[in-house]
Amino acid sequence: MDRIFPRLTVSLSKLRGNASEIVTRCAAKGIDVCGVIKGCTGIPQVAQAMVDAGVKQLGSSRLEQIVRCRRAGVPGPYALIRIPGLSEVPDVVRWCDMSLHSERAVLDALEAECARQDKSHRVIVMVDLGDIREGFWDQDEMVEVCVHVERDLPHLDLAGIGVNLGCVGSVQPTPEKMNDLLALRDRVEAAIGRKLDIVSGGATSSFTLVHWDTMPQGINHLRIGENILLGKDLQLEWGIEDMNYLAMDTFTLTAEVVEVKTKPSYPQGKLCMDAFGHKPVYTDYGIQRRAILALGKADVGDEKALLPREAGITVWGASSDHCILDVTHCGREIKVGDTVDFSLAYSNLVYVTAREDVNVVCVDDCEVKN
């Protein structure tokens, strides 16, 4: 069955524009960009748009997305940007050119698998500088592992070291954190007796240092996804007002209205839990004109993160398959069969592009109807 809605429209021209802006600004600081495609579930056309705009490699945390793009003919090189499990090592060697690591045992297994497949593989060893996600906390141990890769694992190329910030621990990338990474680079280089090719300073949040011209010299690699895909987090969540060179309307989610009724805004009856085991707190706004869309949390995750394109529409709530809008103050009379357009947060994009029943349409026109 072919579904018309929900529909996700992807502006490839705007994506290329975002990628080009970021690549150009990073290149001026001596930084290569790894275009991260995991946020859109590895849509091949999106990956190709990043390549066309000049990213040096493509990265994902999911092997199946890398396989998808390779089979679609999108050229690499490809980097696995989530540290792999031992069970994934054969596919990492088969499908990826480079991967991130924080476990000696996995590196040893990678070496053995490379020997079996008669391949070489580049690795970045990760350090944890406070975000408490992946990476070596003990920097002495990290240096020892880097020496082990360099001297004892002939099929592996120690390409460099890297860090992640601004994710699990929400630690802000700062010049001080980058200088800590550079100091560790110096230790590793002294231990192995050569220069490292890559010092990877993080992801979209680290682009702030490029934008503000505070990135220390020597950081030469960033792994950027959201800022290319949506351009939203830094402009809206961080409140960076002078980053309007990045388009925030690259993806448009369109959903169909399946009910329009006038109803109370406060549930009527004894309250318990909702379908997800939560006990929400409601505010009584009186009687509202409400529209229900044929999509829900199963499609977009947090429905409150959706950004309606029309003034006067607010998202009231959602269940798995229904999204309820307050359209009382909308400038048009919304009827059953009408559609409503949204811009997406990163979390919405991750959910919606993973759905097989969402119709994805890629267009190459700067004048996309929003």
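Look up a bit, the structure's there.
The text that follows walks through the structure, step by step, so that each part is easy to find.

Calculation rules
Residues numbered from 1 in each chain as written. Predicted model: local features only at pLDDT ≥ 70, side-chain atom pairs only at ≥ 80, totals over all residues. Heavy atoms only, no water. Phe/Tyr/Trp six-rings, centres within 6.5 Å; stacked < 30°, edge-to-face > 60°. Helix = DSSP H or I, 4+ residues; strand = E, 2+ residues; numbered from the N terminus. Buried < 20%, exposed > 50% of the residue type's maximum accessible area, 1.4 Å probe, protein only. Lys NZ or Arg CZ within 6 Å of the ring centre and 35° of its normal. Salt bridge = Lys/Arg side-chain N within 4 Å of Asp/Glu carboxyl O. Arc of directions from axis to C-beta. Contact = heavy atoms within 4.5 Å.

## Regarding the packing of aromatic side chains
Okay, step 1: Across all of its chains, the model carries two aromatic pairs by this definition.
Okay, step 2: Summarising the aromatic geometry, the rings of Y266 and Y282 are spaced 6.1 Å apart at their centres and angled 80° between planes, so their arrangement reads as edge-to-face. Placement of the pair is Y266 in the loop between β10 (251-264) and β11 (287-293) and Y282 in the loop between β10 and β11, with a sequence separation of 16 residues.
Okay, step 3: Of the residues examined, Y266 reaches a relative accessible area of 32% and is grouped as partly exposed.
Okay, step 4: Through successive ring pairs, a cluster of aromatic residues spans Y266, Y282 and W316.
Okay, step 5: Here the guanidinium or amino end of R25 rests over the ring plane of Y245, the centre of that ring lying 3.5 Å away.
Okay, step 6: The positively charged end of K297 is found above the aromatic ring belonging to F276, 5.7 Å away from the centroid.

## Remarks on the pattern of salt bridges
Opposite charge on two side chains allows them to pair when their charged atoms are near.
Okay, step 1: In total, this model carries 23 salt bridges according to the counting rule given.
Okay, step 2: Notably, a salt bridge pairs D213 with K29, separated by 2.3 Å at the nearest N-O pair. Pair noted here: D213 is in the loop between α8 (207-211) and β9 (221-224) and K29 is in the loop between α1 (12-27) and β2 (32-36), with a separation of 184 residues, a long-range link.
Okay, step 3: Its relative accessible area of 35% is what places K29 among the partly exposed residues.
Okay, step 4: A salt bridge links K195 to E189, with the shortest nitrogen-to-oxygen separation between them at 3.7 Å.
Okay, step 5: Accessibility expressed as a relative area gives 64% for K195, which makes it exposed.
Okay, step 6: Within the structure, one salt-bridge network assembled from shared partners comprises E310, R332, K335 and D338.

## Brief notes about helix α12 (residues 346-353)
Okay, step 1: Where α12 is concerned, the buried positions are N348, L349, V352 and T353. With its buried residues spanning 110° around the axis, α12 presents them on a single face.
Okay, step 2: Those residues of α12 that are buried lie in contact with β1 (7-11), α9 (226-229), β10 and α11 (297-300).

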